[in-house]
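# Understanding the architecture of this molecule
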Amino acid sequence: MSETEVVGDKQTITCLGEQFRVYIDRDRIQERVTELGRQISEDYAGKKPVLIGVLNGAFMFLADLMRSISIDCEVDFIKLSSYGAQKITSGVVHELKKIDAEITGRHVIVVEDIVDTGLSMSYLMEKMSSHRPASVTAATLLHKHEATKVDINLKYVGFKIKNLFVIGYGLDYGQLARNYPDIYILDEEVDA
Ligand code: 5GP
């Protein structure tokens, strides 16, 4: 038996022995991502922005977001230290892969899967600013606004969510469940 298993109607999955239920379904995700792409296309018309995806979690959001952007744009990736198999943040950010793109004088959009405490995004914004870009903004699919401890300006937010552990659509639990097109929460937290 695999460690991640779809149960019944795909509304429920079991990952590493815990049961998760759909929280934001694929249609809502796609609809919202398309809106964000349209917004970015308008805001950055004529500017050829560089999207910096934060590995690993943002790869799926970034891929869909780019497909919804209708102006010239480029992509690069950065990787920060992850949670491992934990469900809470360690609060310490390390850079595991640096960007390759030359972003001085460019319009940069940092693309995250989720902003929780905000420490990663705040670190990234500062890091990008140190390269003297023409501008730097933040895009995140999910924002746990009640958990955010630092003051950050998130220009593009897909969904504001409660302070719950989510998986799917790029987000993992012990490196699993990134492949699912919906976003899930722990079954017991469905009514939270
Ligand atoms: P922050 O620095 O804002 O506390 O955390 C950002 C990173 O923590 C995200 O890029 C993501 O990798 C991870 N993270 C935060 N909340 C969750 C969550 O609910 N589920 C998963 N899978 N990862 C999360």
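You'll find the structure just up there.
Here the structure is a predicted model, which is why all the values come from computation and not from measurement.

What counts, and where the lines are drawn
- Residues numbered from 1 in each chain as written.
- Predicted model: local features only at pLDDT ≥ 70, side-chain atom pairs only at ≥ 80, totals over all residues.
- Heavy atoms only, no water.
- Helix = DSSP H or I, 4+ residues; strand = E, 2+ residues; numbered from the N terminus.
- Buried < 20%, exposed > 50% of the residue type's maximum accessible area, 1.4 Å probe, protein only.
- Contact = heavy atoms within 4.5 Å.
- Areas by Shrake-Rupley, 256 points an atom, 1.4 Å probe, with all protein chains shown as cover.
- Polar contact = N/O pair within 3.5 Å; in protein donor to acceptor, adjacent residues only side chain to side chain.
- Near = heavy atom within 4 Å.
- Core = buried A, V, L, I, M, F, W, Y, C linked by side-chain atoms within 4.5 Å.
- Pairing = 2+ DSSP bridges.
- Salt bridge = Lys/Arg side-chain N within 4 Å of Asp/Glu carboxyl O.

## Some thoughts on the overall build of the protein chain
- Helix and strand content of the protein chain: three helices and 11 strands.
- Going residue by residue from the N terminus, the α and β elements of the protein chain occur as β-β-β-α-β-α-β-β-β-α-β-β-β-β.
- Per-residue burial for the protein chain yields a buried fraction of 45% across its 192 residues.
- Of all intrachain contacts in the protein chain linking residues separated by at least 6 positions in sequence, the fraction that spans at least 24 positions is 66%.
- When the accessible area of the protein chain is evaluated, it comes to approximately 9600 Å², of which 47% is carbon and sulfur surface.

## Brief notes about the side chain of Ser41
- Counting through the fold element by element, Ser41 comes out in helix H1 (residues 26-43).
- From its side chain, Ser41 meets the backbone oxygen of Gly37 in a polar contact 2.7 Å long.
- Setting aside chain neighbours within four positions, we find Ser41 in contact with Ser68, Ile69, Ser70 and Ile71.

## Some details on the site of the ligand
- Inspection of the region around the ligand gives 17 residues, with Asp116, Thr117, Ser120, Val166 and Asp172 positioned closest.
- Between the ligand and the protein, one listed contact pairs an oxygen atom with a backbone N or O atom of Asp116 at 2.8 Å.
- Gly118 has a polar backbone atom sitting 2.8 Å from an oxygen atom of the ligand.
- Mapped by element, the contributors of at least two residues to the shell around the ligand are strand E7 (107-115) and helix H3 (119-129).
- Among the elements that make up the shell around the ligand, the one with the highest residue count is E7 (four residues).

## Comments concerning the nonpolar core
- Within the largest apolar cluster, 27 residues are counted, with the highest numbers of intra-cluster contacts made by Leu65 and Leu142.
- Those elements giving two or more residues to this core turn out to be H1, helix H2 (59-67), E7, strand E8 (135-143), strand E9 (156-160) and strand E11 (183-186).
- Grouped together as the second largest cluster of nonpolar side chains are 17 residues, Leu80, Met121, Leu124 and Met125 included.

## Digging into the pairing of strand E5 (residues 74-80)
- With six bridges connecting them, strand E4 (residues 50-55) and E5 associate as parallel partners. Bridge pairing links Gly53 to Phe77 in E5.
- As paired elements, E5 and strand E6 (residues 95-97) share two bridges and run antiparallel to each other. Residue pairing across strands places Leu80 opposite Glu95, the latter belonging to E6.

## Topic: unusual backbone geometry
- Between Leu55 and the following residue, Asn56, the backbone shows a cis peptide bond with an omega angle of -5 degrees.
- With respect to the element layout, Asn56 can be found in the loop between E4 and H2.
- Phi angles above zero are rare outside glycine, and Arg132 is one such case at about 55 degrees.
- In this structure, Arg132 sits in the loop between H3 and E8.
- Positive phi, close to 75 degrees, is recorded for Ala177, a residue that is not glycine.

## Digging into the pattern of salt bridges
- On inspection of all chains with the given rule, the structure shows 11 salt bridges.
- Put simply, Lys98 and Glu95 hold a salt bridge, and the shortest N to O gap is 3.8 Å.
- Judged by its relative accessible area of 53%, Lys98 is exposed.
- A salt bridge links Arg178 to Asp172; the nearest nitrogen and oxygen atoms lie 3.6 Å apart. Comparing Arg178 with Asp172 shows no difference in burial state: the two are buried.
- Among the ionic contacts, a cluster of salt bridges with common partners joins Glu95, Lys98 and Lys127.

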